[in-house]
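Per-entry structural report
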Amino acid sequence: MKRTGHGLIATTARSLAPFRLYRPESVADAVDSLARCPGATLLAGGTDVAGQINAGLQPHAVVELRRVRQLEDIHVTPDGLSLGAAVTHDRGARDPSVAAAIPGLAAAWRQIATVRIRNRATVGGNLMARKSRYEMSVMLMALRARLHFAGPAGACDIAAEALWTDAAQSDSLLTHVVLPLPPGTVFGYDRSLRPTVTLAVALHRDGTAATGHAAIATEWLSPCLLPLPPMRDLRDARQDAQTIAAMALAQLPGDFADVMTPHWYLARVGKVLLARTLREIAND
């Protein structure tokens, strides 16, 4: 926002000061642009950047990524399902590789945002905005995804949950996200009580055992990762869903609360949502 003698006025692209524009055609070129202009604004779909500009962002440099086709790749590798950072919500939800690898993720992805935003907003933009009201990080945390970066200091990867605590990637480019695919991966997502609470659950069934994680978040709190107690098989998830959910939510940190929602409410509602989601995905 700009402050004038008439009050606060929202800025737009037309009110921006001149800035340097880089239009790389490869990841290496994009990294080189970041090295030459530390603190440059990365632009892919532009939905979040447009909001930042309206809120007062005045970029000194912009690295526009639409020509870096490598960032749009979706494929299965030995490490898991790889999603390029420039994959849009719409394309990711419709891609056959996603639907085949983790059907529950494809179904959940289709619920995010409006049609206009879904066709523009990208995985990378959703994550790197680091805004708790954006939903990809909740799903990726439960699925134990890793985020891969390229930057002037070299390549690295971090766990999805480290996105909220690790600021070291601020001058790096998120290139892709890798979701591991343990045997029998099933996934569920409940956003029926947004913005108060959202919850994602991933289970992995392997013969006589089942393991998994849940991630819980609100529109105002960054996601919290909750390991699920060991289960003998998915029958436990169906028959003992209430007990498993209670044990998982008992790990919810005492400070997981905001001005709108107390801890006791989030723990209670989270337990209900988790038990319901466990029963649903255990039947898949």
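Residues numbered from 1 in each chain as written. Predicted model: local features only at pLDDT ≥ 70, side-chain atom pairs only at ≥ 80, totals over all residues. Heavy atoms only, no water.

To continue, consider the pairing of strand β13 (residues 209–217). A large share of β13 lies buried, amounting to seven of its nine residues. Examined bridge by bridge, strand β12 (residues 197–206) and β13 share nine bridges and lie antiparallel to one another. Looking across to β13, one finds that Ala 202 is bridged to His 213. Relative to strand β14 (residues 224–227), β13 is paired through four bridges, and the arrangement is antiparallel. Following the sheet pairing, Ala 215 is matched in β14 by Leu 225. Counted between consecutive antiparallel strands, the loop separating β13 from β14 contains six residues. (Buried < 20%, exposed > 50% of the residue type's maximum accessible area, 1.4 Å probe, protein only. Helix = DSSP H or I, 4+ residues; strand = E, 2+ residues; numbered from the N terminus. Pairing = 2+ DSSP bridges.)

Turning to the nonpolar core, a few remarks are in order. By size, the foremost hydrophobic cluster in this structure holds 38 residues, and its most contacted members are Leu 105, Trp 109, Leu 127, Leu 179 and Phe 187. In terms of residues, this core owes the most to one element, helix α8 (residues 136–142), which gives six residues. In this structure Leu 127 touches Met 136, Ser 137, Leu 140, Leu 147, Leu 163, Leu 174 and Val 177, once residues within four positions along its chain are discounted. Counting 30 residues, the second-largest nonpolar core is a separate cluster that includes Leu 199, Ala 248, Leu 274 and Ala 282. (Core = buried A, V, L, I, M, F, W, Y, C linked by side-chain atoms within 4.5 Å. Contact = heavy atoms within 4.5 Å.)

Turning to the sheet that holds strand β5 (residues 61–64), a few remarks are in order. Across the sheet, three strands lie side by side as β3-β5-β4; this open sheet has parallel pairing. Two strands bound the open sheet, and with one partner strand each, they are β3 (20–22) and β4 (41–43). Between one strand axis and the next, the sheet turns through 20° on average, direction left out of account. (Axes fitted to C-alpha atoms, helices over the stretch in contact; angles between N-to-C directions.)

The next subject is the packing of aromatic side chains. Tallied over the entire structure, the rule returns one aromatic pair. Relative to Tyr 265, the ring of Trp 264 lies with its centre 5.9 Å away and its plane at 85°, an arrangement referred to as edge-to-face. Given the relative accessible area of 52%, Trp 264 is considered exposed. (Phe/Tyr/Trp six-rings, centres within 6.5 Å; stacked < 30°, edge-to-face > 60°.)

Within the element layout of this structure, Thr 198 appears in strand β12. Discounting residues that sit within four places of it in the chain, Thr 198 has contacts with Val 138, Tyr 189, Asp 190, Arg 191, Ala 215, Ile 216 and Ala 217.

Relative to the assigned elements, Ala 85 resides in the loop between β7 (80–84) and α3 (89–94). Each C-alpha atom of the pair Ala 85 and Ser 132 lies 18 Å from the other, and the pair is 47 residues apart in sequence. Those residues within four positions of Ala 85 in sequence are excluded, and the remaining contacts are Leu 71, Thr 122, Val 123, Gly 124, Leu 174, Thr 175 and His 176.

In any sheet, the strands associate via hydrogen bonds between backbone groups, in a parallel or an antiparallel arrangement. With antiparallel pairing, the four strands of this open sheet are ordered in space as β11-β12-β13-β14. Among the strands making up the open sheet, the edge pair consists of β11 (185–193) and β14. Adjacent strand axes in the sheet meet at a mean angle of 15° when their direction is disregarded.

In terms of burial, β7 is largely enclosed, as five of its five residues are buried. Note that strand β6 (residues 74–77) and β7 share four bridges and pair antiparallel. Pairing of Thr 77 across the sheet is with Gly 80, part of β7. As consecutive antiparallel partners, β6 and β7 are separated by two residues. Pairing analysis gives four bridges linking β7 to strand β10 (residues 173–179), with the strands arranged antiparallel. Each bridged residue has a counterpart across the sheet, and for Leu 81 the counterpart in β10 is Leu 179.

Coordinates in, geometry out; function isn't part of it.
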